Amino acid sequence: MMLAHEAKSAAVVINAGARLGSAGPAPAVDMLRSAGLPISAVHQVLSGTELAGTLDRVVAEGHDLVVVGGGDGTVSFAAGRLAGTGIVLGVLPLGTANDLARTLEIPADLPGACAALAGGKVVDIDMGRVNGHPFLNVASVGLSVGVTETLSPRLKRYLGPVAYGVAAIRAYARHQPFRARLEFPDGDHETLELENLLQVAVGNGRHYGGGNAVSPTAGIDDHLLDVYAIPGAPLREHIRIARMLKNGSFVERDGVHHLTCQRVRLVTEPLMPVNLDGEIATATPADFTIERNAVHVVVPQESTSARFDG
């Protein structure tokens, strides 16, 4: 198993638009260099287009470690670019929710994350794709898209993770129920026809939405997608479900559908946008797949979130 400090060349890419990224790369770079990481390239980006070009450049330069600072959407996009290259991903949680860091047990503070990077171990994690777009935590339709659309940068900057709760209340008030069909190309489940839905989600990792759990058993190294569908219900039932989001036990409520698979096709009526780790990047109909051990990533030595399979 490779250790992070064995990297021969490291690049740092910071999304300055992330909630905690406005200070730029200098603080993180100083900490990482002090910890002994061989940083030979530093980039600051402000847009998705700039991020794509920068990642392509650092991949071509031949670094064996790329440290990405930003929110979950930034890190997932980077993981999609690094998947299959053999390059190791390092994560600096600079966003609002930082659910991937939570899943991987990476410290939420910058000094702690830098120390974990320098002294950490490399593991393999799975990556989900929907219509070809990568995601690491969760992809979903319904209420979560309304939450994402309501989460302005200003709201996230001033309220931090609390912004998710505020946005959820606002999105719930505007939500329109929808119909969905879940098809399973591998034949491991019968087709599900569902109506009057609040949300359908497909999870690859464990955490999403600022610390909620996909299910009690979900993991980013289990080579499975966790699928759940929450039906419309009286407000009091949704309040009960909301109280069970943190540990994922809501999937055991009557009326909530939950299953695991490696491939699923989601068809909705009406057609709906899909939220991938906080970014709206595609729409239904949506084909979901999982790529086993797709990304090498640094985690703290004591993390039990994933292992190295080679």
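Residues numbered from 1 in each chain as written. Predicted model: local features only at pLDDT ≥ 70, side-chain atom pairs only at ≥ 80, totals over all residues. Heavy atoms only, no water.

Caption draft 1: Focus on unusual backbone geometry. In this chain, Glu269 is followed by Pro270 through a cis amide linkage whose omega measures 5°. Assignment of secondary structure puts Pro270 in the loop between strand E14 (263-269) and strand E15 (273-276). Of note, the bond from Thr284 into Pro285 is cis; its omega dihedral lies within 30 degrees of zero at 0°. Topologically, Pro285 is positioned in the loop between strand E16 (279-283) and strand E17 (286-299). Although it is not a glycine, Asn196 adopts a positive phi angle of roughly 50°. Counting through the fold element by element, Asn196 comes out in strand E9 (residues 192-203). Although it is not a glycine, Asn293 adopts a positive phi angle of roughly 50°. Relative to the helices and strands, Asn293 is located in strand E17. Looking at Asn293, the relative accessible area reads 18%, which means it is buried. (Helix = DSSP H or I, 4+ residues; strand = E, 2+ residues; numbered from the N terminus. Buried < 20%, exposed > 50% of the residue type's maximum accessible area, 1.4 Å probe, protein only.)

Caption draft 2: Structural context of the environment of Val141. Topologically, Val141 is positioned in strand E7 (residues 138-142). Residue Val141 is classed as buried on the basis of its relative accessible area of 0%. Spatially, the C-alpha atom of Val141 lies 9.7 Å from that of Ile280, the residues being 139 residues apart in sequence. Apart from residues lying up to four places away in sequence, Val141 is in contact with Phe178, Leu198, Gln199, Val200, Leu266, Thr268, Pro273, Val274 and Thr284. (Contact = heavy atoms within 4.5 Å.)

Caption draft 3: Main features of the pattern of salt bridges. As enumerated under the stated definition, the model contains nine salt bridges in all. The salt bridge partner of Arg265 is Glu183, with a shortest N-O separation of 3.8 Å. Taken together, the residues Arg265 in strand E14 and Glu183 in strand E8 (residues 178-183) connect sequence positions 82 residues apart. Residue Arg265 is classed as partly exposed on the basis of its relative accessible area of 26%. Its relative accessible area of 23% is what places Glu183 among the partly exposed residues. Residues joined in a network through salt bridges with shared partners are Arg181, Glu183, Arg265 and Asp287. (Salt bridge = Lys/Arg side-chain N within 4 Å of Asp/Glu carboxyl O.)

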